[in-house]
Amino acid sequence: MFSQALLIKGQKPERGKKFIPIEQVINFLKSHNVKSVFTYNTSSDSRCLPELCEFEWYDILRMAAYRLYNPAIAPNAKRCGTSRVKSGYRVGDMMVMFGENVL
């Protein structure tokens, strides 16, 4: 699931048991003095990556799904009464909104 999540220029990607790469991710984050992790769906990501529990987690899904915070959402997009878009706010959808090519 996370095989393409962390590609570091100049380093060969490695596959192995989860605890080895996750240790490398933690060491990388700490070596860059990272204290916070921003995720698109914290409830899911934190269950998949409990090893990162020492970092502060921030969920950007709420901000991305509301036109108030995300000007890339079309003004005519169908929205709930709370202004959250009814559909089209998955990660891939958001990447397309911001001009990224999605595999």
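It should be noted that the structure appears before, not after, this text.
Reference entry: report on the structure contained in this document.

Rules and cut-offs
Residues numbered from 1 in each chain as written. Predicted model: local features only at pLDDT ≥ 70, side-chain atom pairs only at ≥ 80, totals over all residues. Heavy atoms only, no water. Phe/Tyr/Trp six-rings, centres within 6.5 Å; stacked < 30°, edge-to-face > 60°. Helix = DSSP H or I, 4+ residues; strand = E, 2+ residues; numbered from the N terminus. Buried < 20%, exposed > 50% of the residue type's maximum accessible area, 1.4 Å probe, protein only. Contact = heavy atoms within 4.5 Å. Salt bridge = Lys/Arg side-chain N within 4 Å of Asp/Glu carboxyl O. Polar contact = N/O pair within 3.5 Å; in protein donor to acceptor, adjacent residues only side chain to side chain.

By the definition in use, this model includes two aromatic pairs. Ring centres 5.2 Å apart and planes at 20 degrees place the aromatic pair F38 and Y58 in the stacked group. Taken as a pair, F38 in strand β1 (residues 36-39) and Y58 in strand β2 (residues 56-59) lie far apart in primary sequence, 20 residues in all. Taking relative accessible area as the criterion, Y58 reaches 37% and is therefore assigned partly exposed. With 6.5 Å between their ring centres and 70 degrees between their planes, Y66 and Y69 make a pair best called edge-to-face.

On to the side chain of T42. Counting through the fold element by element, T42 comes out in helix α2 (residues 42-48). For T42, a relative accessible area of 14% puts it in the buried group. If we skip the residues at most four places from it in the chain, T42 touches W57, Y58 and D59.

This model, assessed by the stated rule, comprises one salt bridge. The shortest N-O distance in the salt bridge between K30 and E54 comes to 3.1 Å. Remark: E54 occurs in the loop between α2 and β2 and K30 occurs in helix α1 (residues 19-31); sequence separation between them is 24 residues.

The next point concerns the side chain of T39. With respect to the helices and strands, T39 occurs in strand β1. Within the structure, the side chain of T39 is placed 2.4 Å from the side chain of T42, a separation counted as a polar contact. Other than its neighbours up to four places away in sequence, T39 contacts D45, W57, Y58, D59, I60 and L61.

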